[in-house]
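Take a look at the letters that make up each chain.
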Amino acid sequence: MIGAVALALAAAVPDAAVDAARYDAFWLWAGVRPQPVLRQARRLYLLEGQVDAVPTVRLIAQRPAVPHVAGAEIWMVVRVATLRWSPLVYRQLLAELARWRAAGNRVAGVQIDFDARTRHLGEYAAFLADLRRRLPGDCRLGITGLLDWSANGDPAGLDALAGVVDEVVLQIYQGRHVIPGYAGYLARLGRMTVPFRIGLLQGGEWRAPPSLAANPRFRGYVVFLANPARR
């Protein structure tokens, strides 16, 4: 969870571009250079690889080596292009999780990054329930989420997720751009039945809804770090 001081600072300048120095939870993706703000991280979401569908369904690593992180809690992130996983993918995932932990990292959970369509949340929940049964008992399960879930998600699908995942990180950006009109989606966060965080884009716009801090399921922020734009 983001520190109370960082949360207060972020709320104090609601119209400013996202300054990563005010936060303590970050995504670090492949190809993004480490930044000084990582020294203050209490929670890191590190991309491990991607499950591709072609030519065969398999987990393709996107890190050159197993990370070695002292102090911060780590979530191993897997970008997913298909939910039709082969037995090989599950073996690869569990083997990587074991390697990350054996290297001394404090790996708290696995985060699945999959753009599930809002009307298919029930099917996604079934996949996640099966995955959770395969993970070690002390490994949490998280997912990224689309803003549309909070506004238009089927209540039954949202409820199904609540019984399976430990957290959802709702991203207010797509690619390298903040989604226009994101405030309209966030106005309906009361429909969320899962503990959630808000995923922000470094340097992107962020205006916190007045009711956000009072939402009992709100757990803080995660900032997607990006390389500085070339001039």
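Everything below is about the structure shown above.
Summary of the structure given here. (Residues numbered from 1 in each chain as written. Predicted model: local features only at pLDDT ≥ 70, side-chain atom pairs only at ≥ 80, totals over all residues. Heavy atoms only, no water.)

This brings us to the environment of V32. Residue placement: V32 occurs in the loop between β1 (25-28) and β2 (43-52). With residues up to four places along the chain from it excluded, the contact list for V32 reads L225, A226 and N227. (Helix = DSSP H or I, 4+ residues; strand = E, 2+ residues; numbered from the N terminus. Contact = heavy atoms within 4.5 Å.)

Right, let's get into helix α2 (residues 87-102). With 16 residues, α2 extends 23 Å from end C-alpha to end C-alpha; this agrees with the ideal 22 Å at 1.5 Å per step. Listed as buried for α2 are V89, Y90, L93, E96, L97 and W100. Take α2 and look down its axis: the buried residues cluster within an arc of 130°, on one side only. Projecting away from the buried face of α2 at angles above 90 degrees are the exposed residues P87, R91 and A102. Buried positions along α2 lie against β2, β3 (58-61), β4 (73-80), β5 (106-113) and α3 (121-134). Two residues or fewer past α2, G104 is found with a positive phi of approximately 95°. (Expected span 1.5 Å × (residues − 1). Buried < 20%, exposed > 50% of the residue type's maximum accessible area, 1.4 Å probe, protein only. Arc of directions from axis to C-beta.)

Let us look at the packing of aromatic side chains. Following the criterion strictly, the structure yields 15 aromatic pairs and no others. Judged by centre distance (5.5 Å) and plane angle (80°), the rings of Y23 and Y221 are edge-to-face. Here Y221 lies in strand β11 (residues 218-224) and Y23 lies in the loop between α1 (4-12) and β1, a separation of 198 residues in the sequence. Pair check on accessibility: Y23 and Y221 agree, each one buried. Ring centres 6.3 Å apart and planes at 80° place the aromatic pair W27 and Y173 in the edge-to-face group. Of the two residues, W27 sits in strand β1 while Y173 sits in strand β8 (residues 173-174), which places them 146 residues apart along the sequence. Under the relative-accessibility criterion, W27 is labelled buried at 1%. (Phe/Tyr/Trp six-rings, centres within 6.5 Å; stacked < 30°, edge-to-face > 60°.)

Once that is clear, we can look at the pattern of salt bridges. If you walk through the whole model with that rule in mind, you get 14 salt bridges. Across the salt bridge formed by E73 and R140, the nearest N and O atoms sit 3.1 Å from each other. In this pair, E73 is assigned in strand β4 and R140 in strand β6 (residues 140-146), connecting sequence segments 67 residues apart. On the basis of relative accessible area, E73 is assigned to the buried category, the value being 12%. The class of R140 is partly exposed, set by a relative accessible area of 31%. With its nearest N and O atoms 2.9 Å apart, the salt bridge here joins D138 to R101. (Salt bridge = Lys/Arg side-chain N within 4 Å of Asp/Glu carboxyl O.)

β4 sits mainly inside the fold: seven of its eight residues count as buried. Sheet topology places β2 next to β4; eight bridges connect them, and they run parallel. Each bridged residue has a counterpart across the sheet, and for V51 the counterpart in β4 is V80. Sheet analysis places β4 next to β5, joined by seven bridges and oriented parallel. Along β5, the bridge assignment pairs I74 with V107. (Pairing = 2+ DSSP bridges.)

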